[in-house]
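Remarks on the overall topology
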Amino acid sequence: MKKIFILLFVIGFVYACGNNSGSKPAAVVSDAATSATDNGNPSHDPNRGIGKFTKIDVPPQLDAGMATSGNTIYDTKCASCHKLTDERLVGPGWKDVTKRRTPEWIMNFATNPDEMLSKDPQAMAQLEICLVRMPNQNLSDDDARHVFEFMRKNDGIK
Amino acid sequence: MKYYQILMPLLITAAIQFSGCKPKGVSSAAVGNAEKAYVAPGKYDEFYNFVSGGFSGQMSVYGLPSGRLFRVIPVFSVDPEKGYGYSEETKPMLNTSHGFVPWDDLHHVSFSQTNGEIDGRWAFGNGNNTPRVARVDLKSFRTAEILELPNSAGNHSSPFITENSEYIVAGTRFSVPVGGNTDVPISSYKQNFKGTISFISVGKEGQLDIAFQLLLPGVNFDLSRAGKGPSHGWFFFSCYNSEQANTLLEVNASQRDKDFVLAVNWKKAEEYMKASKGIKQTVKYAHNVYDEKTHSAKSVIKTEVTVIDPAILKDICYFIPCPKSPHGCDTDPTGEYIVASGKLAAVIPVYSFTKMQKAIADKAFEGEFGGIPVIKYEAALHGEVKKPGLGPLHTEFDAKGNAYTSFFVSSEIVKWNVKSLEVLDRVPTYYSIGHLCVPGGDTRKPFGKYVVAYNKITKDRYLPTGPELTQSAQIFDISGDKMQLILDFPTIGEPHYAGAMPADLIKKNSLKIYKIEENSNPYAVKSEKDAKVVREGNKVHVYMTSIRSHFAPDNIEGVKLGDEVYFHITNLEQDWDVPHGFAVKGANNAELLIMPGETQTLKWVPDRTGVFPVYCTDFCSALHQEMQGYVRVSPAGSNVPLTFSLGKQGAAADSTKK
């Protein structure tokens, strides 16, 4: 049992580091060490949601390149349901979403909607309002990060 | 799992107790075997079973041992449910030299092989009526390619395959006049009618191409199998009607005591091809390929084929006498034995490849037929299975040296040992079995475990459904010495040959979505903001997107009577199992069923003015019933401008005013 725990710890460590090259390793290790679950991720944190993103470092300034790429992805995969204002279409409008949610929660929801919609209390509450399950649009990790940067741009970050 | 372990014995005990009230017989034995076919809800089957649809023209996919139907793959027949043959993108798949042919008769399936083993890349099917072969991609479970065969009629001995997928073959069941003047009296069969066998090469990506055709005497080529292992490089075909009858074949083609098996040395034919000995002939045939990036098929008419005449170019073909109108012609897993079932014979002859080669070397011939040497029967014979049953048709093999032969007339499967020719077991089938299938049973590596019977007649086996009854399949457990019936289930169309392979060969590769980034359909729109309606003369192109749960645009005006409207719909979803459907009222057409990331086009020619709803036909979300739109059609010459919108509400109506 102990061995399994250690193994999970190591997997969690490697995994977390592999996905967060820009983040501070020390912080990630302490996160992962608190309580590893069977998928190697830290246990559920309502502010972070459920998924592979545990810690996203967001610099204060906008990465314009990432935001432009995020805009392109938005046009194809998101715009049918999300407006950039606060108007709800099929899903909620995106205005100020980066102020309401953590980057981890947004990126986990975007890449892991099925699990989030059945387990995460905030996502479940949102589903009760919208009644349409957010589709899994097969965003890569980078796609999710770029879309998040585009959301920041939409929220006025420069 | 634990529940299942506890529940299953209870269920079986209950079942046995229940059946204890009934007279004992087949049913109580079947109940005892029920567990073997039981696949618990949510669990996967061990094998995929690809079953020819016969006169449905399609290929169906079942699970073994549960007999659950997963999918019907449209191949040679239109399928309005999937828009196959109705959407502009799929129409070219069914193009032929005769134009658009919406139906065919799919008899046999084969799978791509590497080193004589199934590799899970492609399944092939034959079209018997308008001679064609098709390749089905086992990643997408869709028809990827269809190739028409010139100089052919009744493509029956097809699409059997060589052990490294070098070729699939296609032989004429109906000999016909070939080349030059084909407008000849039917009674001139013996002078003018020819059989052909096409060797169709299979490229690295599966591309089909007719490498060469063998021009052969006018007989009926029925079934075939490639050699394997030591006999790799050879192909064996059964043929009947060596009487060369052109009428009342039922009687006139059953006169001779023996017909033939044709052995073809295709490596020798390759040598002649390399030496440019083939004769180029001008013909006309269609080659249709579906492109997964453009989501469209293209049909190209080809005009040349290379023909080899084995009566002139020697050492390619040899006939071997075979009793009474042989049907099945099957090679055992070792490649040494060839089993040919004379369907009117009282024995099953088993030929030895080694002896056949020696007979050829020794020139142990009894004469010629149509300029091709006929090997002496005994010189090629390993032995005969005596009194096996009535009407032997087809043979499959297990990995333990046993053969399983179907008997149409006596309605049974007979198990026998290939080497000793001794009959080991027999079981009845219900009724009149045609083909049968052991997973991998036609390859060098049979997986054994089950033999599935495909029955022509079910009569009293199921609830009656009027004059037309279902055909059926029956699964027998063959892991022990005795075959045991464990399940039967109805099938679509009329199943002929079927193949089965372990699920692991396919399921890990199964495609989930088409990537929207890779969609290069010229009419694709990858963003709602690019959705538009464009008029080009009397053609109106609607570039529309779909996502849960709306179309964009969903209000269109300015279409006029006399216009042809093309709805090009791109499904923006990128999630597994979320197709959207599309239908428009009054269209002389079918629906579209658009997979995630795909673009498909429906043509609609409005026949009257008014407002026409369009809607999504495939339940997609809680707001699926809201997934609809309107198209307004005005008279020809009307000045209603072409407009389109999404989310633009009309003014409030005042119902009190008129």
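Report follows, based on the coordinates. (Residues numbered from 1 in each chain as written. Chains lettered and ligands numbered in written order. Predicted model: local features only at pLDDT ≥ 70, side-chain atom pairs only at ≥ 80, totals over all residues. Heavy atoms only, no water.)

This part covers the overall build of chain B. Looking only at helices and strands, chain B has 9 helices and 45 strands in total. Here the C-alpha radius of gyration of chain B, 28 Å, is about what a compact globule of 658 residues would show, namely 26 Å. The dimensions of chain B, computed from C-alpha atoms along their principal axes, are 100 × 70 × 45 Å. Residue burial in chain B is summarised as follows: out of 658 residues, 58% are buried. Residue pairs at least 24 apart in sequence account for 62% of intrachain contacts in chain B once pairs closer than 6 positions are excluded. Total accessible area on chain B is roughly 27200 Å²; 55% of this is exposed by carbon and sulfur atoms. The average position of the 69 basic charges and that of the 70 acidic charges among the side chains of chain B differ by 1 Å. (Helix = DSSP H or I, 4+ residues; strand = E, 2+ residues; numbered from the N terminus. Rg over C-alpha atoms; globule rule 2.2 N^0.38 Å. Buried < 20%, exposed > 50% of the residue type's maximum accessible area, 1.4 Å probe, protein only. Contact = heavy atoms within 4.5 Å. Areas by Shrake-Rupley, 256 points an atom, 1.4 Å probe, with all protein chains shown as cover. Lys, Arg positive; Asp, Glu negative; His and termini not counted. Charge placed at Lys NZ, Arg CZ, Asp CG, Glu CD.)

A word on the pattern of salt bridges. Residue and element names in this part refer to chain B. Summed over all chains, the structure comprises 44 salt bridges over all chains. Glutamate 81 is the partner of lysine 82 in a salt bridge, and the nearest nitrogen-oxygen pair spans 3.3 Å. Accessibility expressed as a relative area gives 18% for lysine 82, which makes it buried. Measuring nitrogen to oxygen at the nearest pair gives 2.8 Å for the salt bridge that ties glutamate 573 to arginine 548. (Salt bridge = Lys/Arg side-chain N within 4 Å of Asp/Glu carboxyl O.)

Turning next to the sheet that holds strand β34 (residues 498-502) of chain B. All names here are of chain B. The 4 strands are arranged β3-β2-β1-β34 in an open sheet whose pairing can be described as antiparallel. This sheet does not close on itself; its edge strands, each paired only once, are β3 (69-73) and β34. Adjacent strand axes in the sheet meet at a mean angle of 20° when their direction is disregarded. Direction of pairing for strand β2 (residues 59-64) relative to β3: antiparallel, over a ladder of 4 bridges. When the bridges of β3 are listed, tyrosine 62 appears paired with leucine 69. (Pairing = 2+ DSSP bridges. Axes fitted to C-alpha atoms, helices over the stretch in contact; angles between N-to-C directions.)

Moving on to a nonpolar patch on the surface. Together, Leu390(B), Phe408(B) and Val409(B) give the surface a local cluster of nonpolar side chains, amounting to about 280 Å² of exposed area. Residue class for Leu390(B) comes out exposed when judged on its relative accessible area of 52%. (Patch = residues over 30% accessible without salt bridge, like charges linked within 9 Å, V, L, I, M, F, W, Y side chains within 5 Å.)

This brings us to the interface of chain B and chain A. Each partner contributes to the interface: chain B provides 17 residues, whereas chain A provides 16 residues. Surface buried jointly by chain B and chain A totals about 1300 Å² across both partners, of which 52% is contributed by carbon and sulfur atoms. In terms of surface lost to chain A, no three residues of chain B exceed Arg548(B), Gln574(B) and Asp575(B), which account for 33% of the buried area on that side. Put simply, chain B and chain A have 2 salt bridges between them. Inspection of the region where chain B meets chain A yields 10 residue pairs in polar contact (both at pLDDT 80 or more). (Buried area = accessible area lost by both parts, 1.4 Å probe. Polar contact = N/O pair within 3.5 Å; in protein donor to acceptor, adjacent residues only side chain to side chain.)

Here we come to the packing of aromatic side chains. All names here are of chain B. All chains considered together, the criterion is met by 32 aromatic pairs over all chains. Between tyrosine 351 and tyrosine 377, the ring centres sit 6.2 Å apart and the planes meet at 85°, which makes this aromatic pair edge-to-face. Here tyrosine 377 lies in helix α8 (residues 377-380) and tyrosine 351 lies in strand β22 (residues 347-352), a separation of 26 residues in the sequence. Of the residues examined, tyrosine 351 reaches a relative accessible area of 0% and is grouped as buried. When the ring centre of tyrosine 497 is taken as reference, the NZ or CZ atom of arginine 225 above it lies at 4.8 Å. (Phe/Tyr/Trp six-rings, centres within 6.5 Å; stacked < 30°, edge-to-face > 60°. Lys NZ or Arg CZ within 6 Å of the ring centre and 35° of its normal.)

Take the nonpolar core next. Counting 56 residues, the largest nonpolar core has Phe50(B), Phe199(B), Leu214(B), Leu262(B) and Val264(B) as the members making the most contacts within it. Aside from chain neighbours lying at most four places away, what touches Leu262(B) is Ile197(B), Leu216(B), Phe221(B), Phe235(B), Phe236(B), Phe237(B), Cys239(B), Cys317(B), Tyr318(B) and Phe319(B). (Core = buried A, V, L, I, M, F, W, Y, C linked by side-chain atoms within 4.5 Å.)

In this section: the pairing of β22(B). Residue and element names in this part refer to chain B. Of all 6 residues making up β22, 6 are buried, and the element is well covered by its neighbours. Pairing geometry for strand β21 (residues 337-342) and β22, over 3 bridges, is antiparallel. Each residue of the ladder has a partner; that of valine 339, found in β22, is valine 350. Summarising the sheet, β22 and strand β25 (residues 381-386) pair through 5 bridges and their orientation is antiparallel. Along β25, the bridge assignment pairs valine 347 with lysine 386.

Another aspect to go through is the sheet that holds strand β45 (residues 643-645) of chain B. All names here are of chain B. The 6 strands lie next to each other as β41-β40-β43-β44-β38-β45, forming an open sheet whose pairing is mixed. This sheet does not close on itself; its edge strands, each paired only once, are β41 (592-594) and β45. When the angles between neighbouring strand axes are averaged without regard to direction, this sheet yields 20°. Taken together, the 6 bridges between strand β43 (residues 610-615) and strand β44 (residues 628-634) define a ladder with antiparallel strand orientation. Within β44, the position partnered with proline 613 by the bridge is tyrosine 630.

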